[in-house]
Amino acid sequence: MGLLIVLALLFATGSAVEVYTHKELEAVNGTDTRLKCTFKSDSPLGDDVTVSWYFRPLWGGTDESVFYYHRSAHPPPSGHFVGRAFWDGSISKGDGSIVIRNVQPKDNGTYLCQVKNPPDVHGLMGEVQLRVVTKVKFSEIYILSLVIGVSCAVIILLVLSVVLFRYCRVQKKQRNTAVSVLECTEKLTEKPQDITEGTV
């Protein structure tokens, strides 16, 4: 009975640990990929904090342990993440991230990040859906940046074309005016000679 009361008090006083992860992540085949997992806890972050990473394959089956951290890093002793999962977090900064090296198509699936900081031991696990591809697709931000860049280049070219066209037009007009004045001057100097010859 006394044990039940103690457990009830622990559950009553314990708060939930808030875990934040990217919902979806795309990685190029053969590259190193960081799985981000940050967390917040109402209790001070101490030596009792544990971070557990699990892998859930796309084809189903039981969850596989990817990484475990408690006071120090504990890479998996077996499985297909051996020698490829590394700690890349900082407990004092509320970061429980890891890096998976040389990701392969077989790494496609859901990665679960669970953080416990007694007495804060409750809370939902963070989930990251990893998709390994041969090439990274352009995101909406890259496409938008590309469209804006091309549009700016077209506008600049149009402005330069209009300015150049007007400049050439003015130069041509000035050349035509100079020729006309010259011709008029020649005609004026010829007329007196014609008149003199006619009178004689």
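Residues numbered from 1 in each chain as written. Predicted model: local features only at pLDDT ≥ 70, side-chain atom pairs only at ≥ 80, totals over all residues. Heavy atoms only, no water.

## Brief notes about the nonpolar core
The biggest cluster of nonpolar side chains holds 26 residues, and the ones touching the most others in it are Val51, Trp53, Val66, Tyr111 and Val115. Other than its neighbours up to four places away in sequence, Tyr111 contacts Leu35, Trp53, Tyr54, Phe55, Val66, Phe81, Gly126, Glu127, Val128 and Leu130. (Core = buried A, V, L, I, M, F, W, Y, C linked by side-chain atoms within 4.5 Å. Buried < 20%, exposed > 50% of the residue type's maximum accessible area, 1.4 Å probe, protein only. Contact = heavy atoms within 4.5 Å.)

## Examining the sheet that holds strand E9 (residues 98-100)
As summarised here, the arrangement of the three strands in space is E3-E9-E8, forming an open sheet in which the pairing is antiparallel. Of all strands in the sheet, those with a lone pairing partner are strand E3 (33-35) and strand E8 (85-87), marking the two edges. Taken over all neighbouring pairs, the strand axes of this sheet differ in orientation by 30° on average, direction set aside. Alignment of E3 against E9, held across three bridges, turns out to be antiparallel. By the bridge assignment, Arg34 is partnered in E9 with Val99. (Pairing = 2+ DSSP bridges. Helix = DSSP H or I, 4+ residues; strand = E, 2+ residues; numbered from the N terminus. Axes fitted to C-alpha atoms, helices over the stretch in contact; angles between N-to-C directions.)

## Thoughts on the confidence of the model for the chain
For the chain, mean pLDDT is 82; residues scoring 70 or higher make up 76% of the total. Within the chain, the lowest mean pLDDT, 42, falls on helix H1 (residues 2-13), and the highest, 98, falls on E9. Confidence over residues 1-13 falls short of pLDDT 50; this stretch has one contact with residues more than four positions distant or in other chains. For residues 194-200, every residue scores under 50 in pLDDT, and the model assigns this stretch zero contacts once sequence neighbours within four places are set aside. (pLDDT = per-residue confidence, 0-100.)

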